[in-house]
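Structural features, examined
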Amino acid sequence: MMLLLALLHLGWLKVDDIRLVSTLLLNYMPLFFIPAGVSVMASYTLMEGFYWQIILITMISTLIVMVVTAKSVMHLTGKER
């Protein structure tokens, strides 16, 4: 994703060049989450008693991903403060 962002930002790749493929992938995106959902359903008994820890880890890791993504985009677009 970082490479794609850089290529788009530098103008080496145009949005129209990837529109067909990106639309296809976005249309089928829910299918990419099925294996993860099935894994959670298959192993929910192993997670019993650890729900708060799992929720906390998920929230922290999501926050870290959001911050790193935002910083990376700001750096690549030259809009750092």
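Refer to the structure presented above.
Cut-off values and rules
- Residues numbered from 1 in each chain as written.
- Predicted model: local features only at pLDDT ≥ 70, side-chain atom pairs only at ≥ 80, totals over all residues.
- Heavy atoms only, no water.
- Axes fitted to C-alpha atoms, helices over the stretch in contact; angles between N-to-C directions.
- Helix = DSSP H or I, 4+ residues; strand = E, 2+ residues; numbered from the N terminus.
- Parallel < 35°, antiparallel > 145°, perpendicular 65-115°, else oblique.
- Left-handed = near helix turned anticlockwise from the far one by under 90°.
- Contact = heavy atoms within 4.5 Å.
- Polar contact = N/O pair within 3.5 Å; in protein donor to acceptor, adjacent residues only side chain to side chain.

Let us look at the packing of helix α1 (residues 2-10) against helix α5 (residues 51-77). Across the interface, α1 lies against α5 with an axial gap of 10 Å and an inter-helix angle of 25 degrees. In terms of orientation, α1 lies roughly parallel with respect to α5. Between α1 and α5 lies a crossing whose hand is right-handed. Touching Met2, Leu5 and His9 of α1 are Ser72, Val73, Leu76 and Thr77, all from α5.

Another aspect to go through is the environment of His9. Turning to its location among the elements, His9 is positioned in helix α1. When the C-alpha positions of His9 and Thr77 are compared, they lie 7.0 Å apart, and in sequence the two are 68 residues distant. Those residues in contact with His9 that lie beyond four places of it in its chain are Leu76 and Thr77. At a separation of 3.0 Å, a polar atom in the side chain of His9 contacts the main-chain carbonyl oxygen of Leu76.

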